[in-house]
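Residues per chain, in single letters:
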Amino acid sequence: MSLPEYRSVETVAFTPDQFREAGKRILGARDLAVRRQDAKTVIEELLKAEMAGYSSHGFSRLSQYVEYILEGAINPRAQIEVAWTAKAGGAIVNGNNHFGQVVMRTVVDTALEGIERSAVFAVVARGCNHVGRLASYLERAAQMGYIARAEANAVGRPRVSPHGGVRPRLGTEPFGIAVPTGNESPIVYDASTASIVEGKCNIMRMEGTTAQDGYLIDRDGKATTDPGVVYLEDNCSGSILPMGGLAQGYRGSGHAVLINCLAGILSGTGSNPDLVAPGTNGIWFQLTDVAVFLPLDEFVDRVREFIAYVKTSLPRDPTAPVLIPGEGSRIRTNEAQSTGMRLPLPVWKDTENTARRIGVSLDGIL
């Protein structure tokens, strides 16, 4: 099962091990000073996203992270700090501009520790760079029997206009929730409040392809399919439309505003891009102990019954069954494990160029 493609572009085939080797060489560059375990954490999260079909959060991010390190937006040697709130039920994580994936490892660990003493436990995180795909962290907690929720404000570089506006003032502001289903894979929902995620927009720009109608507007507020308008100088840039597009963008825009209040302002990250490093994410992550409210086995049984009921809906396309959130990602991951993945050639070339800049060769990988 594949995600929709906008236009055929030249690609290169690669396996998970080839992905890991490229990431290892790049993040292992001496000048970047990334700890080996942290590099592994970042690479594995990018790989999981790529295999699940979300290239916007996969291989293409390697070049971006190198740039962030070189300009100081990511500090790969930062010490991550954890402070427990005076009132039970919460904690504050300060990543001090470390990799988002590494900070999120601490966020989830802290939440799992805290939920042992609380019915509901929330962690907010500041000083955190791009975390990647929220689903990965949500799924980890749900597999342990907890309901997990997360929201992130992408304050570091706004690309989305508020509903009715022209200039970008919001990030793509993702949110997600995961629900345990016993021994089966959790229900995992992870979505952006924008019409299209910024990472996908950037890939289309590198490919030279166009976006679908209803995703973008130019600097004058007119509809466009050119992803390049998002990356022009501030006074000339267009923007990504919020989820719902021109007519119903209040849906995504409203949610994005509230995410900024919760994941941005409450976390201490803020919502002013001029005051944070590029790529910064503010995080709100919450766990709920199901067993406090309903015996876990009973909850799981009811969830499974509900899933079965939903799936009785007649598919519009007989070859495409009704899927529960998270199923499509798992199908694509299984396919990638057996057949490998396809990477747009421009993304591979861009990554090779980045590697050369830091004295690394990717020769022999593909």
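Everything that follows concerns the structure shown earlier in this document.
Here we summarise the structure given alongside this text. Along each chain, numbering runs from 1 in the same order as the chain's sequence is written. With the structure being a predicted model, the display of local features is reserved for residues of pLDDT at least 70 and the display and counting of side-chain atom pairs for 80 or more, all residues being used for whole-chain, interface and lining totals. Note: side-chain values were computed over all heavy atoms of the structure, leaving out hydrogens and water.

## Description of the pairing of strand E3 (residues 90–98)
Phase 1: Strand direction decides the pairing type here: strand E2 (residues 81–84) and E3, joined by four bridges, are antiparallel. Across the sheet, the residue bridging to Glu-81 is Asn-94, located in E3.
Phase 2: Paired strands, as defined in this entry, are two strands with at least two bridges between them according to DSSP. We count a stretch as a helix when DSSP gives it H or I for four or more residues in a row; a strand needs E for two or more, and each element gets its number in order from the N terminus. Linkage of E2 to E3, two consecutive antiparallel strands, is achieved through a turn of five residues, within which Gly-89 is found at a positive phi near 115 degrees.
Phase 3: As judged from the six bridges shared by E3 and strand E4 (residues 120–128), these two strands associate in the parallel manner. Directly across from Gly-90, in E4, lies its bridge partner Ala-122.
Phase 4: Assessed by its sense of winding, the connection that carries the chain from E3 through helix H4 (residues 100–114) to E4 is right-handed. Here a crossover is taken to be right-handed if, once the strands point away from the viewer, the path from the first strand over the helix to the second is traced clockwise.

## What about the environment of Asp-317?
Phase 1: The topology assignment puts Asp-317 in the loop between helix H10 (296–310) and helix H11 (327–339).
Phase 2: Between N or O atoms, a polar contact is any pair within 3.5 Å; within protein, one atom must be a potential hydrogen donor and the other a potential acceptor, and residues adjacent in sequence are included only when both atoms are from side chains. A distance of 2.8 Å separates polar atoms of two side chains, one belonging to Asp-317 and the other to Thr-319.

## Points about the sheet that holds strand E9 (residues 223–224)
Phase 1: Spatial strand order, E9-E8-E10: three strands in an open sheet with antiparallel pairing. Lying at the two open borders of the sheet, with one neighbouring strand each, are E9 and strand E10 (239–240).
Phase 2: The sheet contact formed by strand E8 (residues 216–217) and E10 spans two bridges and is antiparallel. From the neighbouring strand, Leu-216 faces E10, where its bridge partner is Ile-240.

## As for the packing of aromatic side chains
Phase 1: Only Phe, Tyr and Trp rings are paired, with Trp represented by its six-membered ring, and only when their centres lie within 6.5 Å; those with planes under 30 degrees apart are stacked, over 60 edge-to-face, the remainder tilted. All chains considered together, the criterion is met by seven aromatic pairs.
Phase 2: With 6.0 Å between their ring centres and 50 degrees between their planes, Phe-14 and Phe-59 make a pair best called tilted. Note that Phe-14 is positioned in strand E1 (residues 11–14) and Phe-59 in the loop between helix H2 (36–51) and helix H3 (61–71), a separation of 45 residues in sequence.
Phase 3: Classification of Phe-59 as buried rests on a relative accessible area of 1%.
Phase 4: An aromatic cluster of at least three residues, connected via ring pairs, comprises Phe-14, Phe-19, Phe-59 and Trp-348.
Phase 5: Think of it as a cone above the ring: NZ of Lys or CZ of Arg counts as a charge over the ring if it is within 6 Å of the ring centre and within 35 degrees of the ring normal. Positioned over the ring face of Trp-84 is Arg-117, at 5.3 Å from the centre of the ring.
Phase 6: Sitting over the face of the ring of Tyr-231, Arg-205 holds its NZ or CZ atom 4.0 Å from the ring centroid. Partly exposed residues are those whose accessible area sits between 20% and 50% of the maximum for their type, while under 20% is buried and over 50% is exposed, using a 1.4 Å probe and protein chains only.

## Points about unusual backbone geometry
Trans peptide bonds make up the majority, and among non-glycine residues the majority have a negative phi.
Phase 1: In this model, Ala-33 sits at a positive phi of 60 degrees, which is unusual for a non-glycine residue.
Phase 2: Along the polypeptide, Ala-33 turns up in the loop between helix H1 (16–27) and H2.
Phase 3: Given a relative accessible area of 31%, Ala-33 falls into the partly exposed group.
Phase 4: Positive phi outside glycine occurs at Asn-96, with the angle close to 50 degrees.
Phase 5: Position of Asn-96 among the secondary structure elements: in strand E3.

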